[in-house]
Every structure is written in structure tokens, then in C-alpha cells.
Amino acid sequence: MKNKLKFLTKQSLDKKIKTKWFKGVNILLLVLFILIMNVDRVISFFGGDFEDQVTIYVKDDMEVYDSFVTSFESASDMLGESKNFQLEKTDEDLDKLKENLANKDDEILVYILPDETNYMKAQIISYEDIGTVTTQIISTAINSVKSSVAANLSGLTEEQILALTSPAQIETVLTNPDVENQEGKDLLSAGVMLIFILPCFFLIIMLVQMIGAEVNDEKSTRSMEIIISNVPPKIHFLSKIFASTAFVVIQGLLLLLYGGIALIIRNMLGGTGIAAMSGEVTGQLNELLQMVKDTGVFGLLLQGLPIIVVLFILSFIAYAIVAGVLASMTTSIEDFQQLQTPIMLIIMVGYYLAIMAVQFDGSLFIEIASYVPMLSFLVSPVLFMLGQITIWQMLIATIIMALFTWFIFHYGLRIYKVGILNYSSSKLWKKMFKSLKQK
């Protein structure tokens with residue numbers, strides 16, 4: 001019996017892995033990962049350039065050029081603009097400067113001049129639209145200079161001007177001695193966990209669709225009758241569960257591998273990219289790892305990782321069981337696609353509850369949801385990382401999931417035995433409920 005289970009599981013897994021489609025899709029995924037991580041270089045190759053130098057000419061009638069440069073650099077760093085700006089002071093005639101801007105999209109003119117009512121005013125002159133972010137940087141710098149000019153003209157000392165224009169120092173003080181920077185830690189913890197949950201979300205969808213397609217394919221080709229005449233339905237059912245679960249685990253590990261390869265290639269190529277990818281990848285990773293280490297998130301993740309992995313695998317198996325049972329009740333892939341809608345809704349509910357856990361700290365409803373089978377693998381790990389439940393509570397959720405998995409397999413197998421050899425939709429639900437009473 002074990003040999004038959006091993007044979008069917010291997011055959012089912014080989015049908016998924018040893019195909020040109022699987023190899024082609026995974027090659028495409030690897031290429032996409034590499035392209036996404038190096039999107040700035042790809043765009044540059046086709047004519048774009050994230051490192052274009054933009055020259056900003058400053059015509060200064062108020063002798064505030066140095067202050068403008070300082071404020072501009074500060075605003076540029078704060079807003080994360082990826083362009084390479086070069087500031088130059090000019091005393092040329094304004095009309096001539098405007099003529100020089102004709103047909104140029106890499107030059108901007110900033111004209112600063114006095115104003116009797118508002119101390120100073122400025123013009124941002126360009127041939128084409130310079131974009132919202134660049135405009136915001138220049139405007140922020142001009143307003144900062146204006147504040148300094150206004151303070152200076154008011155007769156204040158240099159120290160008073162500096163005190164007036166410098167940003168206020170804001171310190172967050174928590175009176176609870178057991179809580180330290182909890183908000184930042186919560187966001188980081190949830191972010192780390194959601195990085196793992198999002199791939200699992202898509203892998204579950206893949207698993208459900210895969211089992212439905214395979215079972216309906218065997219039913220439509222009548223090969224199911226030949227298989228069941230030689231193998232008990234229980235062995236056939238288990239082979240589908242094990243093969244599909246093994247496939248999504250392998251695919252998940254491959255996705256992690258592709259992400260690592262993409263990071264290594266970007267690191268080898270070096271360079272900078274758009275705002276979200278600016279800076280060296282190695283430096284960003286080191287900074288992120290140090291932040292994770294300082295907040296204790298990494299240690300917390302390692303502490304709960306064994307239980308989280310078991311919970312994920314049990315959830316894969318549970319969804320595979322439900323998908324297999326539903327697929328056995330249908331006579332075509334179209335019918336199965338309609339039946340799988342409730343499964344998709346359950347996954348979506350769990351995913352959004354996991355996201356909302358950060359905003360609704362201490363919510364009793366979300367905490368209860370962390371124990372609910374089919375939802376717990378999405379909600380429980382996030383709540384654990386946020387410190388809203390303990391590792392023992394997550395262990396309880398895992399035990400509940402294990403009991404639920406055994407329960408649906410035990411009773412789902414009864415439906416599966418009847419459904420896989422049923423080719424008629426007539427009185428289908430009556431047959432299914434009747435099969436639950438059989439042993």
C-alpha cells in the first residue's frame with residue numbers, strides 16, 4: 001500500500017515538475033525577478049536614464065544663494081529625489097537665460113528677487129514640466145530661505161534666526177517601562193511577517209487550482225476509473241494532497257532562491273536606481289538587518305519559526321483536502337472554478353485581517369480569528385510578531401489546525417470516494433450528504 005502511495009505521489013509530482021511548462025514558467029520568473037531588481041538599468045538600456053544631470057541656474061537678486069543651496073540639498077534628501085542636480089549661480093540677463101532654455105529639458109532657472117510685501121518672491125522657469133517632486137524641492141528651499149530673510153530683516157541676531165528657522169526637536173516619551181519604540185517595532189514586525197505571508201497567499205491559490213485541474217482531468221479522460229480499480233480512493237486522495245503540497249513548497253523555495261539570485265546580480269552590477277532602489281543593495285540589506293536586530297524582531301521570528309512552518313504546511317494540506325473534495329464533486333473544470341469561490345473568499349478574509357492587525361491593536365475579533373482554521377496561518381503569525389499573542393497561543397492555533405485537518409480528511413474522504421466516480425450533476429449534493437453518514 002505504501003509503495004502505491006509513493007508511486008502515485010511521485011507520478012503526480014512529476015506531472016507538475018517534469019514538464020516544459022514548469023521549467024519555462026520558472027525560467028520566466030527568474031528573469032522577471034532579475035529585471036524587477038534591475039529595472040533602472042533595463043529602462044536606461046532602452047533610452048531612459050535615472051542619472052540624468054539636471055542643471056539649476058539660480059539668478060539671485062537677494063544674495064541668498066548659499067542659503068538656497070543648503071536648503072535645496074536638505075529638501076532633496078528628505079523627499080528622496082533620484083535626479084542628479086547641479087546648482088549654478090548666474091548673473092546673466094533674464095531674457096537671455098530664458099532663450100537658453102529653449103528645447104532643453106535638463107535645465108531649470110530659479111529667479112529670486114525681493115518683494116515689498118512678502119520680503120522675497122521667486123520664479124521657477126523651465127521649457128517643459130519639471131515634475132511634482134522637483135517643484136516641491138525647489139519650493140521648499142525657497143520658503144526656507146524666505147523664513148531666514150524675514151527673520152534677518154526683523155533685526156534678530158544670528159543665533160535667534162537659527163533658533164527660529166531650525167526644526168523643532170520632537171521626542172516620544174513612553175511612560176510604560178516595558179514598552180520601547182513599540183510603534184516602529186510593530187510596523188517592522190508586521191512587515192517582516194507579511195513578506196512571508198504574501199507568497200503563501202499566492203501558493204495556496206495555485207495549490208487549489210492545481211488539484212481541481214488534475215482531478216477533473218482524470219475524470220474527463222476516464223482514467224480515474226482505471227486508477228481507482230487498482231488503488232483505494234484513500235491512497236489516491238493522499239497522493240494528490242502530498243504531491244500538491246510538495247509542489248507548492250518546492251515552488252516557494254524556488255521563489256526565495258530567485259530573489260536571492262536577483263539581489264546577488266544587482267549587487268554585482270552595482271549602481272543606483274530610482275528612489276525605492278537608490279543606494280547600494282548591500283548597504284540597504286545591512287541597514288535593514290541591523291534594524292531588525294536592534295528591535296529584536298529577528299530573534300522573535302526565530303523563536304516562533306518552527307511553529308509557523310508547521311502551521312503553514314498544515315494549512316497547505318488542509319486547503320489541498322478541501323480543494324480535492326470540491327474537485328471530486330464536479331464534472332468539469334468550469335464547475336470547480338465556481339465551487340472554489342468560497343475558498344478564495346476565505347483566503348482574502350485571512351489576508352486582510354492580517355493586514356488590519358497592525359491598525360487594530362488588541363482587537364478581540366482578530367485575536368479570535370487567529371485560532372480559526374483556514375485563517376490562522378495568515379493571522380496568527382502576524383499577531384505573534386506584533387506581540388499581541390504569545391508563542392503558546394500560536395501553538396494552540398497550530399494544534400487546532402492539526403485537529404481540523406484530520407477532521408476534514410476523515411469526513412472529506414467519504415465524499416471523495418463517492419465523488420470521483422460520479423459523472424452526473426443530478427442530485428449531487430444529496431449523494432454527498434448521504435456519503436457523510438457512511439463509514
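Keep in mind it's a predicted model, so treat the numbers as computed, not measured. (Residues numbered from 1 in each chain as written. Predicted model: local features only at pLDDT ≥ 70, side-chain atom pairs only at ≥ 80, totals over all residues. Heavy atoms only, no water.)

Turning our attention to the pattern of salt bridges. Applying the stated criterion to the full structure yields 5 salt bridges. Between Lys 10 and Asp 14 there is a salt bridge whose closest N-O contact spans 3.0 Å. Separated by 4 residues within a single helix, Lys 10 and Asp 14 lie in helix α1 (residues 2–17), roughly one turn from each other. With a relative accessible area of 48%, Lys 10 lands in the partly exposed category. Beyond isolated ion pairs, a larger network of salt bridges with shared partners links Lys 10, Asp 14 and Lys 18. (Salt bridge = Lys/Arg side-chain N within 4 Å of Asp/Glu carboxyl O. Helix = DSSP H or I, 4+ residues; strand = E, 2+ residues; numbered from the N terminus. Buried < 20%, exposed > 50% of the residue type's maximum accessible area, 1.4 Å probe, protein only.)

With that settled, consider helix α17 (residues 391–419). For α17, spanning 29 residues, the distance from its first C-alpha to its last is 40 Å, which sits close to the expected 42 Å at 1.5 Å a residue. At Gly 412, α17 shows its largest bend, some 30 degrees. (Expected span 1.5 Å × (residues − 1). Bend = angle between axes of the 7 residues up to and from the residue.)

Right, let's get into the side chain of Ser 380. Structurally, the position occupied by Ser 380 is in helix α16 (residues 376–386). The class for Ser 380 is buried, based on a relative accessible area of 0%. Dropping the residues within four chain positions of it, Ser 380 is found in contact with Leu 311, Ser 370, Ile 389, Met 394 and Ala 397. (Contact = heavy atoms within 4.5 Å.)

Turning our attention to the packing of aromatic side chains. Scanning the model with the defined rule gives 12 aromatic pairs in all. Ring plane angle 70 degrees and centroid distance 5.9 Å describe the contact between Tyr 351 and Tyr 352, whose orientation is recorded as edge-to-face. A connected cluster of aromatic rings, assembled from ring pairs, spans Phe 201, Phe 202, Tyr 351 and Tyr 352. (Phe/Tyr/Trp six-rings, centres within 6.5 Å; stacked < 30°, edge-to-face > 60°.)

Next up on the list: a negative patch on the surface. A contiguous patch of negative charge, built from Asp 61, Asp 91, Glu 92, Asp 93, Asp 95 and Glu 99, is present on the exposed surface. Counting through the fold element by element, Asp 61 comes out in the loop between β1 (53–60) and α4 (65–79). What makes Asp 61 partly exposed here is its relative accessible area of 38%. (Patch = residues over 30% accessible without salt bridge, like charges linked within 9 Å, V, L, I, M, F, W, Y side chains within 5 Å. Areas by Shrake-Rupley, 256 points an atom, 1.4 Å probe, with all protein chains shown as cover. Lys, Arg positive; Asp, Glu negative; His and termini not counted. Charge placed at Lys NZ, Arg CZ, Asp CG, Glu CD.)

Another aspect to go through is the packing of α16 against α17. Running from N to C, α16 and α17 cross one another at 170 degrees; their axes reach a closest spacing of 9 Å. When the axis of α16 is compared with that of α17, the two are roughly antiparallel. For the pair α16 and α17, the contacting residues are Ser 376, Ser 380, Pro 381 and Phe 384 in the first and Ile 391, Met 394, Ala 397 and Met 401 in the second. Each residue belonging to the contact of α16 with α17 can be placed in one class, and the counts come to 6 nonpolar, 2 polar and no charged. (Axes fitted to C-alpha atoms, helices over the stretch in contact; angles between N-to-C directions. Parallel < 35°, antiparallel > 145°, perpendicular 65-115°, else oblique. Nonpolar A, V, L, I, M, F, W, Y, C, P; charged D, E, K, R; others polar.)

Right, let's talk about the sheet that holds β1 for a bit. As summarised here, the arrangement of the 4 strands in space is β2-β1-β3-β4, forming an open sheet in which the pairing is mixed. Pairing within the sheet leaves two strands with one partner each, and these edge strands are β2 (84–90) and β4 (119–125). The mean inter-strand angle of the sheet, taken between neighbouring strand axes irrespective of direction, is 20 degrees. Sheet analysis places β1 next to β2, joined by 7 bridges and oriented parallel. Note that in β2 the partner of Gln 53 across the bridge is Asn 84. (Pairing = 2+ DSSP bridges.)

Counting 72 residues, the largest nonpolar core has Leu 207, Val 208, Phe 237, Tyr 319, Ile 321, Ile 347 and Phe 377 as its most contacted members. At 18 residues, helix α12 (residues 297–329) tops the list of elements feeding residues into this core. Membership of the second largest hydrophobic core comes to 23 residues, among which are Val 64, Phe 68, Ala 75 and Leu 87. (Core = buried A, V, L, I, M, F, W, Y, C linked by side-chain atoms within 4.5 Å.)

Let us look at the pairing of β1. Within β1, 6 of the 8 residues are buried, which leaves it mostly tucked inside the rest of the structure. With 6 bridges joining them, β1 and strand β3 (residues 107–115) adopt parallel strand pairing. By the bridge assignment, Lys 59 is partnered in β3 with Tyr 111.

Together, Val 249, Leu 253, Leu 256, Leu 302, Leu 305, Val 309 and Ile 313 line one region of the surface with nonpolar side chains, adding up to about 590 Å² of accessible area. When contributions to the nonpolar patch are tallied by element, the ones reaching two or more residues are α10 (233–269) and α12. Considering every element that reaches the nonpolar patch, the biggest residue donor is α12, with 4 residues. Turning to its location among the elements, Leu 256 is positioned in helix α10.

Another aspect to go through is unusual backbone geometry. For Glu 63, which is not a glycine, the phi torsion comes out positive at approximately 60 degrees. Following the sequence through the fold, Glu 63 ends up in the loop between β1 and α4. We classify Glu 63 as exposed; its relative accessible area is 64%. A positive phi angle, close to 80 degrees, is found at Met 374, a residue other than glycine. The topology assignment puts Met 374 in the loop between α15 (364–369) and α16.

The subject of this paragraph is the confidence of the model for the chain. Within the chain, residue pLDDT values average 77, and 75% of them lie at 70 or more. Averaged over each element, pLDDT in the chain is lowest for helix α11 (residues 281–295) (52) and highest for α17 (89). This model gives residues 271–285 a pLDDT under 50, and the stretch forms 32 contacts once residues within four places in sequence are excluded. (pLDDT = per-residue confidence, 0-100.)

So, on to the packing of helix α14 (residues 341–356) against α16. α16 packs onto α14 with a crossing angle of 10 degrees between their chain directions and a minimal axis gap of 8 Å. If you check the angle between α14 and α16, you find them roughly parallel. From α14, Ile 347, Gly 350, Tyr 351, Leu 353 and Ala 354 reach across to α16, where they touch Leu 378, Val 379 and Val 382. Of the residues assigned to the contact of α14 with α16, the class counts are 7 nonpolar, 1 polar and no charged.

Let's shift gears to the pairing of β3. Burial runs high along β3: 8 of the 9 residues are buried. Here β3 runs beside β4; their pairing, made up of 7 bridges, is antiparallel. Bridge pairing in β4 places Leu 113 opposite Lys 121. In this structure, the hairpin formed by β3 and β4 is closed by a connection of 3 residues.

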